[in-house]
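Residue-level structure breakdown
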Amino acid sequence: MAVTIKSAKEIELMREAGRLLEIVHDEMGKIIRPGISTMDINECGDRVIRELGCKPNFLNYGGFPASICVSVNEEVVHGIPKKERILKDGDVVSLDAGLIYQGYHSDAARTYAVGEISPEVQKLLDVTKQSFFEGIKYAKAGCHLFEISAAIDDYVSSFGYGIVQDLVGHGIGTSLHEDPQVPNFRQKRRGMKLVPGMTLAIEPMINMGTWKVEWLDDDWTVVAADYLPSAHYENTVLITDGEPEILTLHM
Ligand code: MG
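Residues numbered from 1 in each chain as written. Predicted model: local features only at pLDDT ≥ 70, side-chain atom pairs only at ≥ 80, totals over all residues. Heavy atoms only, no water.

1. Details of the coordination of the magnesium ion
When four donors bind a metal tetrahedrally, each ideal donor-metal-donor angle is 109.5 degrees, and when six bind octahedrally, the ideal angles are 90 or 180 degrees. Summarising the metal site, the magnesium ion is bound by the protein donors D107 (OD), H170 (NE2), E203 (OE) and E234 (OE), whose distances to it range over 2.1 to 2.3 Å. Positions of the donor residues of the magnesium ion, expressed as sequence spacing, correspond to D-x62-H-x32-E-x30-E. Remark: E234 occurs in the loop between β13 (230-232) and β14 (235-238) and D107 occurs in strand β5 (residues 104-113); sequence separation between them is 127 residues. The same class applies to D107 as to E234, namely buried. (Donors = N, O, S within 2.8 Å, 3.2 Å for Na, K, Ca; no water. Helix = DSSP H or I, 4+ residues; strand = E, 2+ residues; numbered from the N terminus. Buried < 20%, exposed > 50% of the residue type's maximum accessible area, 1.4 Å probe, protein only.)

Take a look at the structure:
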């Protein structure tokens with residue numbers, strides 16, 4: 001699939017898709033505490049998406065059976081919500097969510113502490129989030145795509161964490177996954193030149209230990225191969241003539 005450059009009209013729709021997804025994340029974030037199930041989070045996210053007049057884009061995507069990916073501790077991404085999976089004090093939980101607004105997709109992820117977590121795990125969450133902001137320093141017209149990848153890699157590697165390589169960020173628009181792929185690790189080449197109107201889902205997935213991952217028997221849940229904690233932070237970003245516009249986060 002070719003890289004799509006969004007028109008002014010399409011950018012307005014992408015902005016709204018992003019703005020609404022931030023509301024979904026904010027609502028899910030409010031219910032995170034020990035004792036709730038990962039299905040409770042899915043039900044909250046699914047309900048808010050529909051109340052906003054949107055559709056969940058993850059539901060049935062490639063057969064995924066839920067609207068929100070809820071991944072606990074060593075689970076990196078694509079955790080399937082379950083009634084019997086109860087969050088406990090000291091867990092971390094990654095919520096990956098997306099929606100469709102008038103045919104346009106948004107995609108964003110956050111990792112939350114459940115109750116009290118160790119300083120070591122909090123640092124993993126902080127570095128993962130910051131790595132996104134390090135990456136988007138290069139999400140500008142005139143920069144090259146893999147400058148984003150290199151900036152994320154350099155920052156994360158300075159802490160000795162493992163960068164997941166089997167899964168990467170992506171273009172987004174009228175499809176959830178469009179070209180180009182956006183790796184979170186350094187590439188040999190510099191990649192395509194960025195131009196205004198590109199929309200990218202930039203999403204570092206960072207492991208406390210090894211970068212290697214495995215798939216559980218459900219064929220969805222991706223886990224760190226050493227079963228140490230993992231974190232995920234993602235926003236949908238618009239390339240402009242100036243600073244990047246983060247469509248799924250308004251500070
Ligand atoms: Mg994504």
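2. Quick notes on the side chain of E74
Summarising the element assignment, E74 is placed in the loop between β2 (68-72) and β3 (75-77). In this structure E74 is buried but unpaired, with R85 as the nearest side chain of opposite charge at 5.1 Å. If we ignore the near neighbours within four places in the chain, the residues touching E74 are V222, V223, A224, Y227, L228, P229 and S230. (Lys, Arg positive; Asp, Glu negative; His and termini not counted. Salt bridge = Lys/Arg side-chain N within 4 Å of Asp/Glu carboxyl O. Contact = heavy atoms within 4.5 Å.)

3. Focus: the pairing of strand β9 (residues 199-202)
Side chains of β9 alternate between two faces, with T199 and A201 and L200 and I202 buried alike. Sheet analysis places strand β7 (residues 169-171) next to β9, joined by two bridges and oriented antiparallel. Paired with H170 across the two strands is A201, which belongs to β9. (Pairing = 2+ DSSP bridges.)

4. Let's talk about the side chain of T240
Checked against the element boundaries, T240 lands in the loop between β14 and β15 (245-246). On the accessibility criterion, T240 (18% relative accessible area) is buried. Among the polar contacts made by the side chain of T240, one reaches the main-chain amide nitrogen of G242 at a distance of 2.9 Å. A distance of 2.7 Å separates a polar side-chain atom of T240 from the backbone oxygen of E243. (Polar contact = N/O pair within 3.5 Å; in protein donor to acceptor, adjacent residues only side chain to side chain.)

5. Overview of the pattern of salt bridges
Going through the model one piece at a time under the given rule, you end up with twelve salt bridges. Linking R50 and D46 is a salt bridge whose minimum nitrogen-to-oxygen distance equals 2.9 Å. With R50 and D46 both in helix α2 (residues 38-51) and four residues apart, this pair spans about one turn of that helix. A residue is classified by how much of its surface remains accessible, and D46, at 17% relative accessible area, is buried. Between D91 and K88 there is a salt bridge, with the nearest N and O atoms lying 3.1 Å from each other.

Purely geometric numbers; function is a separate question.
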